[in-house]
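# Structural characterization, general
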Amino acid sequence: MIRSTSSPAARLDALERALVALRRLRVEVEHVRPGLVLERIEGWHAEAADRYAGRAGELRLALAGAERSLLDAEGRLEVERERTRDAVTAAALAAATPDRPVSAAGAGR
């Protein structure tokens, strides 16, 4: 898990790495899923084939749910990454332009 106590820049780096890893996992699941559950198994007895078909349907639903969870997690990471990126940008801007009171004499220059 990504620690919230780390610096914003370190957190942003960790979020980027986590997002890349999550996307790779999601793509891998999408590519592997079709071969994980066979539609039919020829040569099985009717009862065994019926049981397999029922379980295969359950497994397909579970895999679809897992893919949806991966997409949801990816979306949450993207939102957190953008928030952290905004914080890093704001911190960099604040460091580059420190607040300085403007005197009346300096205002007209």
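What you see is a predicted model; the values in this text were computed from it and never measured.

### Here we look at the packing of helix H1 (residues 8–36) against helix H2 (residues 46–96)
Viewed as axis vectors pointing N to C, H1 and H2 meet at an angle of 160°, and their least axial separation amounts to 9 Å. In terms of orientation, H1 and H2 fall into the roughly antiparallel class. The handedness of the crossing between H1 and H2 is left-handed.

### Observations concerning the nonpolar core
Membership of the largest hydrophobic core is limited to 5 residues, which are Leu15, Leu19, Leu22, Leu70 and Leu77. At the level of elements, H1 and H2 are the ones that each hand at least two residues to this core. The greatest single-element share of this core, amounting to 3 residues, is contributed by H1.

### Considerations on H2
For H2, built from 51 residues, the straight-helix expectation of 75 Å at 1.5 Å per residue is met to within 8% by its first-to-last C-alpha distance of 74 Å. Those residues of H2 that sit buried are Ala56, Leu63, Glu67, Leu70, Glu74, Leu77, Arg81 and Thr84. Residues of H2 that are buried sit in contact with H1.

### Quick look at the side chain of glutamate 67
Residue placement: glutamate 67 occurs in helix H2. Judged by relative accessible area, glutamate 67 falls into the buried class, the value being 10%. When neighbours within four sequence positions are excluded, glutamate 67 is seen to be in contact with Val29, Glu30 and Arg33.

### Side note on the confidence of the model for the chain
A residue-level look at the chain finds 82% of positions with pLDDT of 70 or above and a mean pLDDT of 83. When mean pLDDT is compared element by element in the chain, H1 scores highest at 91, while helix H3 (residues 104–107) scores lowest at 53.

### Quick word on the side chain of arginine 81
Relative to the elements of secondary structure, arginine 81 occurs in helix H2. The class for arginine 81 is buried, based on a relative accessible area of 13%. There is a polar contact of 3.3 Å between the side chain of arginine 81 and the side chain of glutamate 82. Arginine 81 has contacts with Leu12, Leu15, Glu16, Leu19 and Arg23, leaving out every residue within four places of it along the chain.

### Focus: the environment of glycine 57
Of note, glycine 57 is situated in helix H2. With 20 residues separating them along the chain, glycine 57 and valine 37 place their C-alpha atoms 8.6 Å apart.

### What to know about the pattern of salt bridges
Per the counting criterion, the structure on display carries 14 salt bridges. The salt bridge partner of glutamate 30 is arginine 26, with a shortest N-O separation of 3.1 Å. Within this pair, glutamate 30 and its partner arginine 26 are both found in helix H1, separated by 4 residues, close to a single helical turn. In this structure, the salt-bridge partner of glutamate 58 is arginine 55, at a minimum N-O distance of 3.2 Å. With glutamate 58 and arginine 55 both in helix H2 and 3 residues apart, the pair spans about one turn of that helix. By relative accessible area, which is 46% here, glutamate 58 ends up partly exposed. On the basis of relative accessibility, which here comes to 58%, the residue arginine 55 falls in the exposed class. When salt bridges with common partners are traced through the structure, they connect Arg23, Arg26, Glu30, Glu74 and Glu78 into a single cluster.

Calculation rules
Residues numbered from 1 in each chain as written. Predicted model: local features only at pLDDT ≥ 70, side-chain atom pairs only at ≥ 80, totals over all residues. Heavy atoms only, no water. Axes fitted to C-alpha atoms, helices over the stretch in contact; angles between N-to-C directions. Helix = DSSP H or I, 4+ residues; strand = E, 2+ residues; numbered from the N terminus. Parallel < 35°, antiparallel > 145°, perpendicular 65-115°, else oblique. Left-handed = near helix turned anticlockwise from the far one by under 90°. Core = buried A, V, L, I, M, F, W, Y, C linked by side-chain atoms within 4.5 Å. Buried < 20%, exposed > 50% of the residue type's maximum accessible area, 1.4 Å probe, protein only. Expected span 1.5 Å × (residues − 1). Contact = heavy atoms within 4.5 Å. pLDDT = per-residue confidence, 0-100. Polar contact = N/O pair within 3.5 Å; in protein donor to acceptor, adjacent residues only side chain to side chain. Salt bridge = Lys/Arg side-chain N within 4 Å of Asp/Glu carboxyl O.

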